[in-house]
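# Coordinates in review
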Amino acid sequence: DVKVTQSSRYLVKRTGEKVFLECVQDMDHENMFWYRQDPGLGLRLIYFSYDVKMKEKGDIPEGYSVSREKKERFSLILESASTNQTSMYLCASSAGTGLGANYGYTFGSGTRLTVV
Amino acid sequence: DQQVKQNSPSLSVQEGRISILNCDYTNSMFDYFLWYKKYPAEGPTFLISISSIKDKNEDGRFTVFLNKSAKHLSLHIVPSQPGDSAVYFCAARRYNQGGKLIFGQGTELSVKP
């Protein structure tokens with residue numbers, strides 16, 4: 001059974017802490033993504049990566065960074081956590097970027113982060 | 001700039017009836033549209049998709065309709081079942097931006113027995 005695994009389901013961190021959210025996929029997918037989900041705002045893209053050591057900003061990258069040292073692992077880093085980063089964080093992966101390819105994301109189960 | 005919009009935050013239907021979830025988009029460069037379903041405390045799962053060159057795609061109880069002139073798509077679930085109760089996200093892909101999907105705000109569907 002193919003999977004995207006997020007290291008923590010629930011996390012509580014203090015304001016100002018550096019926070020690492022880890023995501024691992026076992027499908028040999030090229031593309032990996034980090035989204036956050038907030039009520040009324042849907043899923044918003046934070047960062048994504050099309051290849052190892054490659055990253056691109058999404059729609060809301062401020063306050064975040066990412067790391068992709070290996071193909072299967074994509075980490076989201078909150079440099080200095082703030083209360084407005086309390087959210088559900090979702091990692092996803094997908095295969096290929098071919099025009100017309102009918103593919104979608106495989107999501108992890110999410111990490112519910114609370115910053116106090 | 002919300003390029004994909006789901007204007008109904010919630011929808012309640014009776015078991016056995018039809019559920020219709022709507023989605024509007026603004027960018028004519030989108031080439032694929034997808035629907036995802038999300039249960040609480042789980043990640044979204046892929047439900048059904050449609051290419052921009054088609055106007056309908058059907059998979060069992062689920063049918064997606066695309067009206068390109070109106071920049072509108074809808075998901076029909078017939079018949080609705082209590083297990084369909086979840087949040088449904090519409091998503092769109094822009095052909096020259098690789099795998100990146102843009103999601104709507106989501107619609108919470110409640111199917112009552």
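Our structure is the block above this text.
All of the points below concern the structure found in this document. (Residues numbered from 1 in each chain as written. Chains lettered and ligands numbered in written order. Predicted model: local features only at pLDDT ≥ 70, side-chain atom pairs only at ≥ 80, totals over all residues. Heavy atoms only, no water.)

Backbone-to-backbone hydrogen bonds pair the strands of a sheet. The strands run either parallel or antiparallel. Residues and elements named next belong to chain B. Across the sheet, which stays open at both edges, the five strands sit in the order E1-E3-E8-E7-E6 with antiparallel pairing between neighbours. Each edge of the sheet is formed by a strand with only one pairing partner; in this case those strands are strand E1 (4–5) and strand E6 (56–59). Across six bridges, strand E7 (residues 62–67) lies against strand E8 (residues 72–77) in antiparallel orientation. Following the sheet pairing, leucine 66 is matched in E8 by leucine 73. (Pairing = 2+ DSSP bridges. Helix = DSSP H or I, 4+ residues; strand = E, 2+ residues; numbered from the N terminus.)

All names here are of chain B. Residues Ile18, Ile20 and Val78 make up a contiguous nonpolar surface patch of roughly 230 Å² in combined accessible area. You can see isoleucine 18 is positioned in the loop between strand E2 (10–14) and strand E3 (19–25). A residue is classified by how much of its surface remains accessible, and isoleucine 18, at 40% relative accessible area, is partly exposed. (Patch = residues over 30% accessible without salt bridge, like charges linked within 9 Å, V, L, I, M, F, W, Y side chains within 5 Å. Areas by Shrake-Rupley, 256 points an atom, 1.4 Å probe, with all protein chains shown as cover. Salt bridge = Lys/Arg side-chain N within 4 Å of Asp/Glu carboxyl O. Buried < 20%, exposed > 50% of the residue type's maximum accessible area, 1.4 Å probe, protein only.)

For the rest of this paragraph, the subject is the pairing of strand E9 (residues 73–78) of chain A. Residues and elements named next belong to chain A. Of all six residues in E9, five are buried, a share of seventy percent or more. Pairing geometry for strand E3 (residues 19–21) and E9, over three bridges, is antiparallel. When the sheet's bridge partners are listed, phenylalanine 20 is paired in E9 with isoleucine 77. The pairing of strand E8 (residues 64–70) with E9 spans five bridges and is antiparallel. Considered in E9, the bridge of serine 67 is made with serine 75.

What follows deals with the interface of chain B and chain A. At the junction of the two partners, chain B supplies 21 residues and chain A supplies 25 residues. A combined buried area of about 1800 Å² lies between chain B and chain A, and 55% of that area is made up of carbon and sulfur atoms. Here chain B and chain A share zero salt bridges between them. The interface formed by chain B and chain A contains five residue pairs in polar contact (both at pLDDT 80 or more). (Contact = heavy atoms within 4.5 Å. Buried area = accessible area lost by both parts, 1.4 Å probe. Polar contact = N/O pair within 3.5 Å; in protein donor to acceptor, adjacent residues only side chain to side chain.)

Turning next to the state of the cysteines. All names here are of chain A. Taken as a whole, this structure holds two disulfides over all chains when the rule is applied. Sulfur-sulfur distance for the disulfide between cysteine 23 and cysteine 91 comes to 1.9 Å. Its torsion about the S-S bond being -75 degrees, the disulfide of cysteine 23 and cysteine 91 is classed as left-handed. Here cysteine 91 lies in strand E10 (residues 87–94) and cysteine 23 lies in strand E4 (residues 23–25), a separation of 68 residues in the sequence. (Disulfide = S-S within 2.5 Å.)

Roughly 440 Å³ of internal volume is contained in the largest pocket. When contributions to the lining of the largest pocket are tallied by element, the ones reaching two or more residues are strand E5 (31–38) of chain A together with strand E9 (86–94) and strand E11 (107–112) of chain B. Split into classes, the residues belonging to the lining of the largest pocket amount to 10 nonpolar, eight polar and four charged. (1 Å grid on protein atoms, 1.4 Å probe; cavity = no way out; pocket = protein on both sides within 12 Å on 5 of 7 lines; lining within 4 Å. Points joined across faces, edges and corners; volume = space filled by probe spheres on them. Nonpolar A, V, L, I, M, F, W, Y, C, P; charged D, E, K, R; others polar.)

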